[in-house]
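# What the coordinates show
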Amino acid sequence: TTPKVTVIDKNTTNPTIPDSTNGGGKKIVAADGTTTSTTTAKIGDTVPFQFKFNATNFVTANGVTKQIKSYTITDTPTALTINQDSVVVKVGTEILIKDQDYTVSFDNTGKMTVVLTWIKADKSTIYNSPIEVNVTYSAVVTKDAKEGEATNTATLGYNSFDPTDPTDPNHPDNPNPTPTDPTPVNPKDPDDNSTTVTTHRFTLKKTNEANDTLTGAEFKLYDASTGGTEIKVVKDTDGTYRVAEANEEGVVIEAGQVVIKGLKGTTTYYLEETKAPDGYNILTERQAIEVTSDNTAEANVVNKKGGLLPSTGSIGTTMFYLSGAVMLIGAFIFMVSKRRMKNL
């Protein structure tokens, strides 16, 4: 006889999410490759993420060993938009092929679901066990993060079946399968798989030398003291502006006293005055402002009374200086000529 036998490794470990300090679970990936649960960014920035776990082929619970059919990873973002084409799934050293080895879907709220196929058509397992799985992707910080933060939380679950029981609802041979919801790997610690991206703000105050608030000034915001890239903003409410998203047209910042939201913390930005209040000199250099994590940073920009400086493209007080110089030179020439005429 040739009996049909299924061999199950009774000593296999269950799937786990490894120590978060070593990059396990949901993490933000820094530029140097290290991982963290919290970072800061401005609206429009792209933030890289990863979700890492240890997969097994079988799971044992209550004395029953079942074979894992698939793994499901979900990511629920808030004030973030996941780049749908950025998803990469790696099992061990192998990069998987989308729609062949795994599927990715998004609902109308932006929630992402990744499902990894874990058995072949003949119900044999595909990968060695245990093995590390790493899902990487990126997301853009949206305008909804203007009040301080963007978050996302990931979950890991699996579907399993009893390979000795073809009536199991998840068994591939069941003629009327009724798949159950994925069993969560770490149901007690869902917060361990959450990340936070913070945004920050500063106050811009336009004053004169007596510290009186002035109106009528206009500014643009840059990421460098000269040249650089303009950080476009849009008006949020009266007295507040926020960083613009990629599809939004920027506006000038009108001050007074206003708040600019949605910026990266612990970062220096530069304000360029493009219009001064009537009767005051315009600034000819950008003013630096470091955005702090406690949101207390204040740029107090002072204008002095006078006409427009030449750097603005207006002759301003220069005309008066030139006229005076011409008159002095004319008077000097007249005096010298008169003395020469007396000596003749």
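Read on for an overview of the structure. Fair warning: this is a prediction, and the values are worked out from it, not measured in the lab.

### Topic: the environment of Ala210
Tracing the backbone shows Ala210 in the loop between strand 16 (200-207) and strand 17 (217-222). Accessibility expressed as a relative area gives 56% for Ala210, which makes it exposed. Sequence separation between Ala210 and Val302 is 92 residues; the distance between their C-alpha atoms is 9.2 Å.

### Some thoughts on unusual backbone geometry
The residue after Ser129, namely Pro130, is reached through a cis peptide bond having omega -5 degrees. By secondary structure assignment, the location of Pro130 is in the loop between strand 11 (112-117) and strand 12 (131-141). Omega for the peptide link from Ala255 to Gly256 comes to -10 degrees, which places this bond in the cis form. By the element assignment, Gly256 lies in the loop between strand 20 (253-255) and strand 21 (257-263). In this structure, Asn62 takes a positive phi of about 55 degrees despite not being glycine. By relative accessible area, which is 82% here, Asn62 ends up exposed.

### Focus: the environment of Thr56
With respect to the helices and strands, the residue Thr56 is situated in the loop between strand 4 (46-55) and strand 5 (58-61). Classification of Thr56 as buried rests on a relative accessible area of 1%. Placed 43 residues apart in sequence, Thr56 and Thr13 show a C-alpha to C-alpha distance of 6.8 Å. Looking at Thr56, its side chain comes within polar contact range of the main-chain oxygen of Phe58, at 3.0 Å.

### Remarks on the nonpolar core
One broad trend across soluble globular proteins is that nonpolar side chains are buried collectively. With 38 residues, the main nonpolar core has Tyr71, Val114, Leu116 and Trp118 as its most contacted residues. Broken down by secondary-structure element, the contributors of at least two residues to this core are strand 4, strand 6 (64-78), strand 7 (80-82), strand 8 (88-91), strand 10 (102-106), strand 11, strand 12 and strand 13 (149-161). Counting residues per element, this core draws most heavily on strand 12, which supplies 6 residues. In this structure, Val114 is in contact with Tyr71, Thr72, Ile73, Val87, Val89, Tyr102, Thr103 and Val104, ignoring residues within four places of it in sequence. Tyr241, Val243, Ile253 and Val291 belong to the second-largest nonpolar core, a separate cluster that totals 22 residues.

### A short note on the sheet that holds strand 22 (residues 267-275)
Overall, antiparallel pairing links the 4 strands, which are arranged 20-17-22-23 in an open sheet. At either margin of the open sheet sits one strand with a lone partner, and together these are strand 20 and strand 23 (287-291). On average, each strand axis in the sheet is tilted by 40 degrees relative to the strand beside it, whichever way the strands run. Direction of pairing for strand 22 relative to strand 23: antiparallel, over a ladder of 5 bridges. Pairing of Thr268 across the sheet is with Glu290, part of strand 23.

### Observations concerning the sheet that holds strand 24 (residues 298-302)
Pairing is mixed across the open sheet formed by 5 strands, whose spatial order is 18-19-21-16-24. Two strands in the sheet have a free side with no partner beyond their single neighbour: strand 18 (233-237) and strand 24. Mean inter-strand twist for the sheet, computed between neighbouring axes without regard to direction, equals 25 degrees. Pairing geometry for strand 19 (residues 240-243) and strand 21, over 3 bridges, is parallel. Bridging from a neighbouring strand, Thr240 pairs with Val259 of strand 21.

### Structural notes on the pattern of salt bridges
This model, assessed by the stated rule, comprises 12 salt bridges. The salt bridge partner of Lys42 is Asp45, with a shortest N-O separation of 3.2 Å. For the salt bridge of Lys235 with Asp238, the shortest nitrogen-to-oxygen distance reads 3.9 Å. Each member of the salt-bridge network shares a partner with another, and the members are Lys146, Glu147, Arg201, Asp236 and Lys261.

### Quick word on the side chain of His200
The residue His200 is located in strand 16 in this model. On the accessibility criterion, His200 (8% relative accessible area) is buried. Separated by 3.1 Å, the side chains of His200 and Asn295 make a polar contact. Apart from the residues lying within four places of it in its own chain, the contact partners of His200 are Thr40, Ile260, Lys261, Gly262, Leu263, Lys264, Gly265, Val291, Thr292, Ser293 and Asn295.

Procedures and definitions
- Residues numbered from 1 in each chain as written.
- Predicted model: local features only at pLDDT ≥ 70, side-chain atom pairs only at ≥ 80, totals over all residues.
- Heavy atoms only, no water.
- Helix = DSSP H or I, 4+ residues; strand = E, 2+ residues; numbered from the N terminus.
- Buried < 20%, exposed > 50% of the residue type's maximum accessible area, 1.4 Å probe, protein only.
- Polar contact = N/O pair within 3.5 Å; in protein donor to acceptor, adjacent residues only side chain to side chain.
- Core = buried A, V, L, I, M, F, W, Y, C linked by side-chain atoms within 4.5 Å.
- Contact = heavy atoms within 4.5 Å.
- Pairing = 2+ DSSP bridges.
- Axes fitted to C-alpha atoms, helices over the stretch in contact; angles between N-to-C directions.
- Salt bridge = Lys/Arg side-chain N within 4 Å of Asp/Glu carboxyl O.

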